[in-house]
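Observations on chain architecture
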Amino acid sequence: MSTLIVANWKMNANKTQLVQFCEALNMYYSRDNPHIHSALLPPFPYLERAHEMLYHPQCHTGGQDCAPQKSGAFTGDVSASMIRDCGGHYVIVGHSERRLLHHEDDATLTNKIICALNADVVPIFCFGESESDMKQQRSYAVCKRQIEGVFHHPSLKEMSIFKIIFAYEPVWAIGTGLTPKAEDVNALLMQVAAFISDTMPMIAQYQFLYGGSVSADNFEDFIVQPLIHGALVGGASLKAETFIPLLEIAARHKPKA
Ligand code: PGA
């Protein structure tokens, strides 16, 4: 399975920065021809431009969110099929910022995943515990509940999911400079993987990303873990100078089976 590094720009950057970033990424891919895949998820107004600029077949684009409906009178929302139409290949579903700030619940996230799959967009489903859950040693219980709450819905269980990405993002690690120990993340993902294979036969293929304060200083520790196939990156993805080193680190390691 290929390694994937995802740039989640959140509500940051502008057109000039987008062009500079894409040019730098194109140059890196044509120079080093790495085996890894990357995806830029800019704010929606920049998605199509990013898709047009990033011509290397391993450089993808996507959305940071999609609507839980197919289409209709939902002012301000963007559908998964619009993301696909603009060249997007991925969409984040259930980022903790959306769960917290936009009060997204399990049923909403189930519908977003269904919309993404129906539009041929690969969902990047985020899950992760809060600081107090972590302190009470409830990390796995919370992660399991978040996954179960969304994927055990009958309408999702009936679908056949060709490919999905699970991004483990402990809320206390996002944008804080704090990270969990990479070995602890791998141990938690082992439990999650067992839960997925025991209870979610509709998923044909999935991979895990780690997200939360990923930088060139800590990424090597994560990417050497057997179950971590890449990263979901916020702050360090905003500039090519801090994002490309992550691709270089990943490229030094063989993709995992
Ligand atoms: P961060 O954000 O890398 O800035 O911690 C990660 C994310 O929110 O996806």
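Heads up: the structure comes first, above all this text.
Residues numbered from 1 in each chain as written. Predicted model: local features only at pLDDT ≥ 70, side-chain atom pairs only at ≥ 80, totals over all residues. Heavy atoms only, no water.

1. Brief notes about the nonpolar core
To be explicit about the condition: We define the nonpolar core as a collection of buried residues of types Ala, Val, Leu, Ile, Met, Phe, Trp, Tyr and Cys that are connected through side-chain atoms lying within 4.5 Å of one another. Three labels apply to residues, based on accessible area from a 1.4 Å probe with only protein chains included: buried if under 20% of the type maximum, exposed if over 50%, partly exposed otherwise in between. For the purposes of this entry, the term helix denotes a DSSP run of H or I that reaches at least four residues, the term strand denotes a run of E that reaches at least two, and both are numbered from the N terminus. Note on contacts: a residue pair is in contact if any heavy atoms of the two residues lie within 4.5 Å.
Counting 73 residues, the largest nonpolar core has Phe125, Phe127, Phe151, Phe166 and Phe219 as its most contacted members. Per element, the largest residue contribution to this core is 8 residues, and it comes from helix 9 (residues 182-199). With near-sequence residues (within four places) excluded, Phe151 lies in contact with Ile113, Phe125, Leu156, Lys157, Ile161, Ile164, Phe166, Met200, Met202 and Ile203. Ranked by size, the runner-up nonpolar core spans 13 residues in total, among them Ala39, Tyr90, Val122 and Leu209.

2. Notes on the site of the ligand
Rule in force here: Here a residue is near a molecule or strand as soon as one of its heavy atoms is found within 4 Å of it. We call two N or O atoms a polar contact when they sit within 3.5 Å, provided that within protein one can donate a hydrogen and the other can accept it, with sequence-adjacent residues counted only if both atoms are side-chain atoms. Throughout, the Shrake-Rupley method with a 1.4 Å probe supplies accessible areas, and for residues the shown protein chains are the sole cover considered. Under this grouping Gly is polar, as are all residues other than the nonpolar Ala, Val, Leu, Ile, Met, Phe, Trp, Tyr, Cys and Pro and the charged Asp, Glu, Lys and Arg.
Near the ligand lie 13 residues; those nearest to it are Lys10, His95, Glu169, Gly175 and Ser213. Between Ser213 and the ligand, the recorded distance is 2.7 Å, taken from a backbone N or O atom to an oxygen atom. Expressed as a share of its isolated accessible area of 290 Å², the protein-covered part of the ligand is 95%. Tallied by class, residues from the shell around the ligand come to 4 nonpolar, 7 polar and 2 charged.

3. Some remarks on the sheet that holds strand 8 (residues 230-233)
Cut-off, in case you're wondering: Paired strands, in this sense, are two strands between which DSSP finds at least two bridges. Here the axes come from fitting lines to C-alpha atoms, over the contacting stretch only for helices, and the angles between their N-to-C directions go from 0 to 180 degrees.
Taken together, 8 strands build a closed barrel; the order of strands is 1-2-3-4-5-6-7-8 and the barrel is parallel. Between one strand axis and the next, the sheet turns through 25° on average, direction left out of account. Bridge analysis of strand 3 (residues 59-63) against strand 4 (residues 90-93) gives 2 bridges, and the strand direction is parallel. Within strand 4, the residue paired with Gly63 across the bridge is Val91.

4. A closer look at the pairing of strand 1 (residues 4-8)
Within a regular strand, the side chains alternate between the two sheet faces. Rule in force here: With the strands aimed away from the viewer, a crossover counts as right-handed if its path from the first strand over the helix to the second runs clockwise.
Most of strand 1 is tucked away: 5 of the 5 residues are buried. In strand 1, alternate side chains face the same way, and those of Leu4, Val6 and Asn8 on one face and Ile5 and Ala7 on the other are all buried. The sheet contact formed by strand 1 and strand 2 (residues 37-41) spans 5 bridges and is parallel. Opposite Ile5, over in strand 2, you have Ser38 as the bridge partner. At this point the chain moves from strand 1, through helix 1 (residues 15-32), to the parallel strand 2, and the crossover so formed is right-handed. Across 4 bridges, the pairing between strand 1 and strand 8 is parallel. Across the sheet, Leu4 pairs through a bridge with Gly230, a residue of strand 8.

5. Details of unusual backbone geometry
One non-glycine residue, Asp120, lies in the positive phi region at around 65°. Relative to the helices and strands, Asp120 resides in the loop between helix 5 (106-118) and strand 5 (122-127). Phi is positive for Ser213, close to 55°, though the residue is something other than glycine. With respect to the secondary-structure elements, Ser213 resides in the loop between strand 7 (206-211) and helix 10 (219-223).

6. Some points on helix 7 (residues 139-151)
Our working rule: Any helix carries an expected span of 1.5 Å times its number of residues minus one. What the arc covers is the set of directions going from the helix axis to the C-beta atoms.
With 13 residues, helix 7 extends 18 Å between its outermost C-alpha atoms, agreeing within 8% with the 18 Å of an ideal straight helix rising 1.5 Å per residue. For helix 7, the full list of buried residues reads Ser139, Val142, Cys143, Gln146, Ile147, Val150 and Phe151. Relative to the axis of helix 7, the buried residues are bounded by an arc of 145° and lie together on one face.

7. Things to note about the packing of aromatic side chains
Aromatic rings in a pair are described by how distant their centres are and how their planes are angled relative to each other. What counts, and what does not: Aromatic pairs are defined between Phe, Tyr and Trp rings, using the six-membered ring for Trp, whenever the two ring centres lie within 6.5 Å; interplanar angles under 30 degrees are classed as stacked, those over 60 as edge-to-face, and all others as tilted.
Considering all chains together, one arrives at 13 aromatic pairs under this definition. Ring plane angle 75° and centroid distance 5.6 Å describe the contact between Tyr28 and Tyr29, whose orientation is recorded as edge-to-face. Taken individually, Tyr28 and Tyr29 each receive the classification buried, so the pair is uniform in this respect. By way of ring pairs, the aromatic residues Phe125, Phe127, Phe151, Phe166, Tyr168, Tyr206, Phe208, Tyr210 and Phe222 are connected into one cluster.

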